[in-house]
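Here are the chains, one letter per residue:
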Amino acid sequence: MGSGSNPPDPGGDALDLFIIGGGINGCGIARDAAGRGLTVALAEMNDLGSATSSASTKLFHGGLRYLEYFEFRLVREALKEREVLLLAMPHIAWPMRFVLPLHQQMRFDSETPASRLLSLVMPWMKGRRPAWLIRLGLFLYDHMGQRRLLPPTSALDLRGRPEGEPLKQEFVRAYEYSDCWVQDSRLVVLNARGAADAGAKIMTRTRVTQAERGVTHWTIHTKSADGSVQTFRARCIVNAGGPWVSQVLTETLGIDSAEHIRLVRGSHIVVRKLYDHQKCYFLQGTDGRIIFLIPYEDDFTLIGTTDQDHAALDEKPTCSEAEADYLRTFASSYLRKPIAKEDIVWTYSGVRPLYDDGASSATAATREYVLSLDGNQAPLLSVFGGKITTHRKLAEAALAKIAPFFPTMGNAWTARAPLPGGDFPIDGAVALAAGICRDHPFVDEALARRLVRTYGTDARRILSGSKQASDLGEDFGAGITARELDWTIGREWVRNADDFLWRRTKLGLRMLPDQAQAIDDYIRHKCRAVTGGDATMSNSRSV
Ligand code: FAD
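Structure report, in brief.

About the cut-offs
Residues numbered from 1 in each chain as written. Predicted model: local features only at pLDDT ≥ 70, side-chain atom pairs only at ≥ 80, totals over all residues. Heavy atoms only, no water. Near = heavy atom within 4 Å. Polar contact = N/O pair within 3.5 Å; in protein donor to acceptor, adjacent residues only side chain to side chain. Areas by Shrake-Rupley, 256 points an atom, 1.4 Å probe, with all protein chains shown as cover. Helix = DSSP H or I, 4+ residues; strand = E, 2+ residues; numbered from the N terminus. Nonpolar A, V, L, I, M, F, W, Y, C, P; charged D, E, K, R; others polar. Phe/Tyr/Trp six-rings, centres within 6.5 Å; stacked < 30°, edge-to-face > 60°. Buried < 20%, exposed > 50% of the residue type's maximum accessible area, 1.4 Å probe, protein only. Lys NZ or Arg CZ within 6 Å of the ring centre and 35° of its normal. 1 Å grid on protein atoms, 1.4 Å probe; cavity = no way out; pocket = protein on both sides within 12 Å on 5 of 7 lines; lining within 4 Å. Points joined across faces, edges and corners; volume = space filled by probe spheres on them.

Right, let's get into the site of the ligand. Residues in contact with the ligand amount to 38 residues; listed here are only the nearest, Glu44, Ser53, Leu59, Gly386 and Thr389. Within the contact set of the ligand, an oxygen atom lies 2.6 Å away from a side-chain nitrogen or oxygen of glutamate 44. Between an oxygen atom of the ligand and a main-chain N or O atom of lysine 58, the distance comes to 3.4 Å. Considering the ligand on its own, with 1000 Å² of exposed area, one finds that the protein chains cover 98% of that surface. Among the secondary structure elements, those contributing two or more residues to the shell around the ligand are helix 1 (24-35), strand 8 (206-213), strand 11 (261-272) and strand 16 (344-355). For the shell around the ligand, the residue count by class is 14 nonpolar, 19 polar and 5 charged.

Here it is as structure tokens:
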């Protein structure tokens, strides 16, 4: 079945599962459940991945800093998961090396259990985070996660090396360790495609307005952006509302819950690229926090993140001037050439839906996820917290929780199943791009590479039959053609330029306003017949 278009309504038949929320957790659960034979529908009130799941730092990582909070279960699960995910999606995820420069002023967040323990046994350290402790952490990091593909930690002399070049001269020693990069919003949409390919009904721009619990089933009411309303019946609801999870529980489903969410905003800034090599930096601040510098979209460097309690759900998360200044100053304290305000080309911000464990600071709040099951009949499963790194394991855990209600449900299957377009070897992206250039000589290397990094083996389907550039239809600039837009409209639920330019791709970074407008006009014109031309153009370059 073609994704992006849905199977017919289930009519009077009740669904097994109705999922509220099309972020990574909702889409991951939808894919897993549909693949096990459950009948599934998912409603997302905006675009897929439009909330937290497109605003992350985009790392599949164990979370080195969580070791200081003794979150060993989470770190072990996430570390192990990195390689499983890399193998399933070699187009949108790849290994990265992280350079961690050492210096005397590296300090703990005073709240961490590791910091408290060290002050007890070595009070003279006065909150300093010594290099030997970092090495110990990296040793654990290397060995907790059954690493097979990713290279281990090594020590680095920064003098005379490209990794030392952008840094101030005082930084001479570093450790280098492995984690992975992932294009977060593509991860969401490819999970949704996987779900739809297995029969799930994926509805975007469709808000769940209310649901009533019956004896054996839920009745669920939705309202779409075009004003149409629908009613569904489902055996079980999964509340994967991310930052809205508590609101969905109390206001939409009318359920009292002891569990609460803590909204913690994280912002990033994007600047023109600061250095030429492909490694990231893990920088430690004197305030005990850490930030990353990451090569981004070929020509840029991504810097983040912050941890700020976020006051209200209805307040759109944006990177405040204070956060941007903090990130600039933090990064500049390491760099030979400081980052100026004018160097910032884009910012983005998201709200972490963290499980509220009562921690006093936003940085210290747990990153563990909690799955809460309510009801013996017509169950409701709510998802609190979670990382993009652990989305697949979270989906498995969610289905294990509801398995007693679905005795004929299939077994776990996603560990060895590629995401759409990911059916090629982990080191096969270069060969795939070369094959595309050979078979379609009018496609240059950079475009082939971008298409492979976006669509994987589906890039060949997008280009299929084309012999010259004009076969791909209108050219919108930055290598975007009508053929590509049509693919994302038909298969990836794209309904306006923002969906395409800021979530299916990050080509918004390269577009002039009139080019973006032409893309928006094209998409809306194409979609009008199907959707009634819903949704407005909202996000764009924020700086
Ligand atoms: P969301 O992505 O927020 O999805 C919830 C969806 O529910 C939303 O799209 C919303 O529109 C929808 N919804 C809500 N109510 C309704 C309703 N009534 N009807 C229909 N739809 C509804 N994790 C990592 O592993 N690595 C990282 O590097 C990383 N970095 C991060 C950096 C930052 C700054 C932040 C904020 C998070 C980071 N994370 C990272 C964590 C990760 O991004 C999140 O845990 C994850 O994206 C949460 O996904 P979700 O599906 O639960 O929530």
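With that out of the way, let us pick up the packing of aromatic side chains. Taken as a whole and judged by the stated rule, the model has 14 aromatic pairs. Judged by centre distance (5.3 Å) and plane angle (55°), the rings of phenylalanine 18 and phenylalanine 232 are tilted. Residue phenylalanine 18 is located in strand 1 (residues 15-20), and its partner phenylalanine 232 is located in strand 10 (residues 229-239); the two are separated by 214 residues in the primary sequence. Phenylalanine 18 gets classed as buried once you look at its relative accessible area, which sits at 0%. Summarising the aromatic geometry, the rings of tyrosine 141 and tyrosine 177 are spaced 5.6 Å apart at their centres and angled 90° between planes, so their arrangement reads as edge-to-face. Here the residue tyrosine 141 occupies a position in helix 4 (residues 131-144), and tyrosine 177 occupies one in strand 6 (residues 173-182), the gap between them amounting to 36 residues. Note on accessibility: tyrosine 141 and tyrosine 177 belong to one class, buried. Taken together through their ring pairs, the aromatic side chains of Phe98, Tyr141, Tyr177, Phe282 and Phe292 make up a single cluster. Here arginine 73 stacks its cationic end above the ring of tyrosine 369, 5.5 Å away from the centre of that ring. Sitting over the ring of tyrosine 175, arginine 135 keeps its end group 5.7 Å from the ring centre.

In this model, the second largest pocket occupies a volume close to 1000 Å³. Every residue lining the second largest pocket is counted, 42 residues in all, and those nearest its centre are Trp94, Glu297, Asp298, Arg449 and Arg453. For the lining of the second largest pocket, the elements supplying multiple residues, two or more each, are strand 4 (93-101), helix 5 (184-197), strand 13 (290-296), strand 14 (300-304), helix 9 (429-439), helix 10 (445-455) and helix 13 (497-504). Taken together, the residues of the lining of the second largest pocket break down into 17 nonpolar, 8 polar and 17 charged.

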